[in-house]
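# Structural features, examined
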Amino acid sequence: MKILIKFPHEPQQLIALICFLVFIIPNNSVSQTTQEGILNIGFTQTIHSSILNEKRTIWIHIPEAYSDSEEAYPVVYLLDGNTHFKSVVGMIEALSSKNNSIIPKLIVVGILNTDRLRDLTPKHGNKENGPNTSGGGETFMAFMQKELIPFIDKTYPTKPYRLFIGHSLGGLTVINTMLKRPEIFNSYIALDPSLWWSDSATLQEAKMILNNKKLSNETLYVAIANTMTTNMTLKNVVQDTSKQTQHIRDILEFSTQVVPKSTSELEFKYQYYPNEGHSSLPLIATYDALRYIFLWYDLDKTYIPLIINPKINETTLIKTLTDHYEIVSSKLGYTVLPPESLVNQFGYGCLRRKLFDKAEVFFKLNVKNYPNKSNVFDSLGDFYSEVGEIDKAIIAFKKAINTGKGNRYSKDKLNALLAKADRP
């Protein structure tokens, strides 16, 4: 079963940096379009859980690769998937687009609920109305760790970096998971978490755990909605003792006291959203959280001016670029090379500006990093053609034809060169 969204109007292309316009090659393709006016953003999968003794439905989004070099991706596990899947996928697609690569492209796994109260509460709690099945959170996390994640890793092209997102009781689950099973995920987004649940049990546990466990490799972003009653402020709400304010008071205590004063070394940020309520918070806060968590991923905006600066030589340019992706590799836990498409854009941008020495080093860097890709040789052939080194251009186009998938464009370019040079 496919998940489809109808768009009544053609969406505008997101452009991240005005200065990129001189470098970027236009991309007119429409990703994952199945028919006129319909965009496919994911599909459903049903798996049987022996731990939960039931079938579970998940919604999955796999990003479209821009090149053959992009073969696998980090994974976002999203609680309350049926509520947040579409917005989260949209944000990730926008932030990781070819011309706006602020975060890495990510697989999104939206987990749909069967018994939300059971799965998203780590401890039993009082519930005045209706059946009380709460307290199954540890079993649910065992399902995720032992069944769901191994299934996703086996079935889809994943990389060993995982992000966990949850709202309300889902946010409570996110924090509890970070405290109890930090080995499962690398980063966490807790959106207005219900730390008040079961007499603030998780909040109390955090005070002990965060002073007895090192979490220096973990990142947590906590978003706080404005759930205060009228005439209350962040300054006076902490003095209140009513049940109506316990929700925000517990989050504030966790964010301003428990985490900062702990010895956990957790990489942490919290943000209060005065204009957002509990339900409206997730959209804007998830965007901010993704930007924070992947702050180190985006190539520094000063890099573009470096390229056209005549005082900056080719060696410095390549070192700056490769150093950045060494940091990215360290953060993600696996090797990330400078993206072929990005480096190609830099090369063609330099070529158009007649910065030939710089263009050459970018095209050759791609040949070094992606020797099995036809396109890198095709681009190198374009460079040699432009600078009049016809023999080298011919060699490059022949390699493009014989490497990877090859392409008819390289054949056309080669034939034109051979005809012009009057060669067989």
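### Remarks on the overall build of the chain
Within the chain one finds 15 helices and ten strands. For the chain, buried positions account for 51% of its 424 residues. For the chain, restricting intrachain contacts to residue pairs at least 6 apart in sequence, the fraction spanning at least 24 positions comes to 70%. Carbon and sulfur atoms make up 52% of the accessible area of the chain, which totals about 20700 Å².

### Some remarks on the packing of helix α13 (residues 374-386) against helix α14 (residues 390-402)
One way to put it is that α13 packs onto α14 with a least axis distance of 8 Å and a crossing angle of 165°. For the element pair α13 / α14, the angle class is roughly antiparallel. Judged by the twist between their axes, the crossing of α13 over α14 is left-handed. Across the interface between the two elements, Ser 374, Phe 377, Asp 378, Leu 380, Gly 381, Asp 382, Tyr 384 and Ser 385 from α13 touch Lys 392, Ala 393, Ala 396, Phe 397, Lys 399 and Ala 400 from α14. Among the residues making up the contact of α13 with α14, the classes are represented as seven nonpolar, three polar and four charged.

### Let's talk about the pattern of salt bridges
Side-chain pairing between opposite charges can occur once the charged atoms of the two side chains come close. Considering all chains together, one arrives at 19 salt bridges under this definition. Across the pair Lys 123 and Glu 205 runs a salt bridge whose closest N-O atoms are separated by 3.4 Å. Here Glu 205 lies in helix α5 (residues 197-209) and Lys 123 lies in the loop between α2 (116-119) and α3 (137-155), a separation of 82 residues in the sequence. Its relative accessible area of 19% is what places Glu 205 among the buried residues. For Lys 207, the salt bridge identified is with Glu 253, shortest N-O distance 2.9 Å. Here the residue Lys 207 occupies a position in helix α5, and Glu 253 occupies one in helix α7 (residues 246-258), the gap between them amounting to 46 residues. With a relative accessible area of 31%, Lys 207 lands in the partly exposed category. You can call Glu 253 partly exposed: its relative accessible area is 28%. A cluster of three or more residues bridged by salt bridges with shared partners is formed by Lys 123, Glu 138, Lys 180, Arg 181 and Glu 205.

### A closer look at the pairing of strand β6 (residues 107-111)
Within a regular strand, the side chains alternate between the two sheet faces. Most of β6 is tucked away: five of the five residues are buried. Alternating residues of β6 divide into Ile 107, Val 109 and Ile 111 and Val 108 and Gly 110, and every residue in both groups is buried. Sheet topology note: the strand β4 (residues 54-61)/β6 ladder contains four bridges and is antiparallel. By the bridge assignment for β6, Trp 59 is matched with Gly 110. By the bridge criterion, four bridges tie strand β5 (residues 73-78) to β6 in an arrangement that is parallel. Bridge pairing in β6 links Val 75 to Ile 107. Regarding the hand of the β-α-β motif, the stretch spanning β5, helix α1 (residues 81-95) and β6 is right-handed.

### Description of the confidence of the model for the chain
Chain-level pLDDT for the chain is 88 on average; 88% of the residues reach the 70-or-more range. When the criterion is pLDDT under 50, residues 1-34 qualifies, and its contacts beyond four places in sequence or with other chains add up to 68 contacts.

### Points about the side chain of Thr 245
Relative to the helices and strands, Thr 245 resides in the loop between α6 (234-237) and α7. Setting aside residues no more than four positions away along its own chain, Thr 245 makes contact with Met 232, Val 237 and Asp 240.

### Re the packing of aromatic side chains
The final tally for this structure, using the stated rule, is 18 aromatic pairs. Ring centres of Tyr 161 and Phe 294 lie 5.9 Å apart, and the angle between their planes is 50°; this geometry places the pair in the tilted category. Taken as a pair, Tyr 161 in strand β7 (residues 158-167) and Phe 294 in the loop between α8 (281-293) and α9 (303-308) lie far apart in primary sequence, 133 residues in all. For Tyr 161, a relative accessible area of 4% translates into the label buried. On the numbers, 6.0 Å between centres and 75° between planes, the contact of Phe 185 with Tyr 188 is edge-to-face. Per residue, the accessibility class of Phe 185 equals that of Tyr 188, and both read buried.

### Overview of the environment of Thr 227
Within the fold, Thr 227 resides in the loop between β9 (219-225) and α6. Between the C-alpha atom of Thr 227 and that of Arg 249, which follows or precedes it by 22 residues, the distance is 9.8 Å. The contacts of Thr 227, once residues within four sequence positions are left out, are Asp 192, Gln 244, His 247, Ile 248 and His 278.

### What about unusual backbone geometry?
Backbone geometry follows two general trends: most residues other than glycine have a negative phi, and most peptide bonds adopt the trans configuration. Although it is not a glycine, Ser 198 sits at a positive phi angle of roughly 50°. Note on placement: Ser 198 falls in helix α5. Taking relative accessible area as the criterion, Ser 198 reaches 22% and is therefore assigned partly exposed. Of note in this structure, Glu 265 is not a glycine but carries a positive phi near 65°. Mapped onto the elements, Glu 265 comes out in the loop between α7 and β10 (267-273). What makes Glu 265 partly exposed here is its relative accessible area of 49%.

What counts and what doesn't
Residues numbered from 1 in each chain as written. Predicted model: local features only at pLDDT ≥ 70, side-chain atom pairs only at ≥ 80, totals over all residues. Heavy atoms only, no water. Helix = DSSP H or I, 4+ residues; strand = E, 2+ residues; numbered from the N terminus. Buried < 20%, exposed > 50% of the residue type's maximum accessible area, 1.4 Å probe, protein only. Contact = heavy atoms within 4.5 Å. Areas by Shrake-Rupley, 256 points an atom, 1.4 Å probe, with all protein chains shown as cover. Axes fitted to C-alpha atoms, helices over the stretch in contact; angles between N-to-C directions. Parallel < 35°, antiparallel > 145°, perpendicular 65-115°, else oblique. Left-handed = near helix turned anticlockwise from the far one by under 90°. Nonpolar A, V, L, I, M, F, W, Y, C, P; charged D, E, K, R; others polar. Salt bridge = Lys/Arg side-chain N within 4 Å of Asp/Glu carboxyl O. Pairing = 2+ DSSP bridges. Right-handed = clockwise from strand over helix to strand, strands pointing away. pLDDT = per-residue confidence, 0-100. Phe/Tyr/Trp six-rings, centres within 6.5 Å; stacked < 30°, edge-to-face > 60°.

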